[in-house]
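Descriptive structure summary
One-letter residues, chain by chain:
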Amino acid sequence: MRRVLAALLIPVVAGCSTVPAEPATQSTADPGTISWGPCTDIKRPGGEPPASQDSSVRCGKLAVPLDYNKPDGEKLDLALIKLPTTGKNRLGSVVFNFGGPGASGVDTLDQAAKALTGLRTRYDLISFDPRGVERSSGVRCGDSTEMDRFTALDTLPSDNQTHQETAAANKQFAALCQQHSGKILPYIGTVNAARDMDRIRAAVGDAKLNYVGMSYGTQLGAVYATEFPKKVGRMVLDAPLDPTVTFEQRTLVQTRGFQKAYESFLRSCVKNKCDFGKDQETANANVDKLLNQLTTQPLKVGTRELTQGLAATGLAAALYSELTWPFLEQALSEAIKGRGEALLYLADSYTGRSQDGKYSTQMTSFPAITCVDTSERPSEAELRRTEAAAMKISPLFGSEGSGGLCRVWPAKGSDQARHVNATGSAPIVVIGGKGDPATPYEWAPKLTAQLKTATLVTYEGEGHGAYLSGSRCVLDLVNSYLIEGKLPEKGATCPAS
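Note that the structure is a prediction, hence the values are computed from the model and not measured.

**Brief notes about the pattern of salt bridges**
If charged atoms from side chains of opposite charge come close, those side chains can pair. What the rule picks out here adds up to 23 salt bridges. Notably, a salt bridge pairs R120 with D54, separated by 3.4 Å at the nearest N-O pair. With R120 in helix α2 (residues 117-120) and D54 in the loop between β1 (37-38) and β2 (58-65), this residue pair connects regions lying 66 residues apart in the sequence. Among the salt bridges present, the one from R384 reaches E400, with a minimum N-O distance of 2.6 Å. Of the two residues, R384 is situated in helix α13 (residues 380-393) and E400 in the loop between α13 and α14 (403-407); the sequence distance between them amounts to 16 residues.

This is the structure we're talking about:
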């Protein structure tokens, strides 16, 4: 699925052509100060404010250079959030990036506070909206109507008409991004975000960066460790990627990962008396029939329509966590019976569309960062080759990947961060999940090897990411490292939760 496999939590290789190869000004420049105050605009996934707000939580801004070639020039304000430690024996701060590229760290850390209670007894917990995301000069690419049109685009059938419609939509989307956010587009990228993160480290008074990165956040952490190896404290990279992969390689590996997760979902559904099929073959056939019907007959949902593209997005969104499988079964069952509300809700949660029709920058920050983070600009022939290979793996999830949009992106890209090497850094912990659909396990040992200083932990369970999956084994292992400095044993594994 073209939209699905180019969204929310799927990480990519990084780089930026607008910054020098060595961050000479970063380590010596004044990091600035953060003025902390009450949080006034925290949002939940549906766009609504939290039912109640912890009064101890603080939000703030830090000014960083828009262009690190001009450290004293124009500034960009990074939005930050801090959950102050609840204990007396404070060790410092831990900075989080929860993925994307494009997810709001400010909103997500607030949502994850309960799951991080143990870590908070020893650390201030900090996160931020990276440059180009939400409150940090978030990239915008048109109004709600234009975003609705783009996210609803069908990906089936895989024929010339669909390819032409997709290409036209990509061109229009890229043009709107340039129109609304052209000033910042050249300066978005993982290398610049890593330099921003070092400014955060210095501004909060930490000599070393303690860090937890998930999904795309593993790429950001790996780049930081490459740029600033001597500044690395205790670093955990959960649901990692292989930063050397091409668009084609990433698309095929992720297509295989989502198909595997989908098959696991179907087996679980049938085992629990699936409402839309007594066996896996029947259930799969009914889902295929639904998606094919939606290409010509979208389901009315109020004033909107559930298209094939949105239905496929909603389906994939629920595969990120085993906890959402029951809701996916309900959503598919209702859609097969002609009611598309639940499946559309899943799609909206994935694309960042709130109930009032407004979009977060989730779907716009992703390509902005992705396309600057690589010099790849696939040809039409390369896109068709990728799609053909992906469709053989999975007719449901096969697509051309995000290369089609990057092909027409208005800002140049660079491969600066495709080759990471943290030689000289403190030990890094990498956690890979055997059932992860978005960052498949095969990427975990590859990133571990490239970093040179990393130790690999294997999680045997399903879902995207292990630290917040509910696994007590993973939680204890990570917290023991972050709090006590206890490294996992070589070859450590954690069972499915």
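**Brief notes about the pairing of strand β4 (residues 92-97)**
Most of β4 sits inside the fold, with six of its six residues counted as buried. Inspection of the sheet shows β4 paired to strand β5 (residues 123-129) by five bridges, in the parallel sense. What sits directly across from S93, in β5, is D124. The sheet contact formed by β4 and strand β6 (residues 209-214) spans four bridges and is parallel. The residue bridging V95 from the neighbouring strand is Y211, located in β6.

**Some points on the confidence of the model for the protein chain**
Detailed reading of the predicted coordinates is not advisable wherever pLDDT falls low. When pLDDT is averaged along the protein chain, the result is 92, and 94% of the positions lie at 70 or above. Residue range residues 1-28 is modelled with pLDDT below 50. Its contacts to residues more than four positions away, or to other chains, number 138 contacts.

**Points about the side chain of D129**
Looking at the secondary structure, you find D129 in strand β5. Within polar-contact distance, the side chain of D129 engages the side chain of R135 at 2.9 Å. D129 has contacts with L78, A79, S104, G105, V106, E134, R135 and S136, leaving out every residue within four places of it along the chain.

**Some details on the sheet that holds β6**
Spatial ordering of the open sheet is given by β1-β2-β3-β5-β4-β6-β7-β10-β11-β12, a layout of ten strands whose pairing is mixed. Taken across any chain shown, the strands that pair with only one partner, and hence form the sheet edges, are β1 and β12 (493-494). Inspection of the sheet shows strand β7 (residues 232-238) paired to strand β10 (residues 428-435) by four bridges, in the parallel sense. Looking at the pairing, L237 lines up with V430 of β10.

**Regarding the packing of aromatic side chains**
This model, assessed by the stated rule, comprises ten aromatic pairs. Look at Y320 and Y350: their rings are 5.6 Å apart centre to centre, the planes differ by 45 degrees, and that puts the pair in the tilted class. With a gap of 30 residues between them, Y320 in the loop between α9 (308-318) and α10 (325-336) and Y350 in helix α11 (residues 341-351) connect regions that are remote in the sequence. Overall, Y320 belongs to the buried group, its relative accessible area being 8%. Clustering of aromatic rings is evident, with ring pairs tying together F258, Y262, F265, Y320, W325, Y350 and F397. Over the aromatic face of Y441 sits the side chain of K434, whose NZ or CZ is 5.2 Å from the ring centroid.

**What to know about the state of the cysteines**
Under the defined criterion, the tally for this structure stands at five disulfides. Two residues, C39 and C59, share a disulfide whose sulfurs are 2.0 Å apart. Because the sign of the S-S torsion sets the handedness, a value of about 100 degrees for the bond joining C39 and C59 places this disulfide among the right-handed ones. With C39 in the loop between β1 and β2 and C59 in strand β2, the pair connects residues that are 20 residues apart, well separated along the chain.

Rules used in this analysis
- Residues numbered from 1 in each chain as written.
- Predicted model: local features only at pLDDT ≥ 70, side-chain atom pairs only at ≥ 80, totals over all residues.
- Heavy atoms only, no water.
- Salt bridge = Lys/Arg side-chain N within 4 Å of Asp/Glu carboxyl O.
- Helix = DSSP H or I, 4+ residues; strand = E, 2+ residues; numbered from the N terminus.
- Buried < 20%, exposed > 50% of the residue type's maximum accessible area, 1.4 Å probe, protein only.
- Pairing = 2+ DSSP bridges.
- pLDDT = per-residue confidence, 0-100.
- Contact = heavy atoms within 4.5 Å.
- Polar contact = N/O pair within 3.5 Å; in protein donor to acceptor, adjacent residues only side chain to side chain.
- Phe/Tyr/Trp six-rings, centres within 6.5 Å; stacked < 30°, edge-to-face > 60°.
- Lys NZ or Arg CZ within 6 Å of the ring centre and 35° of its normal.
- Disulfide = S-S within 2.5 Å.

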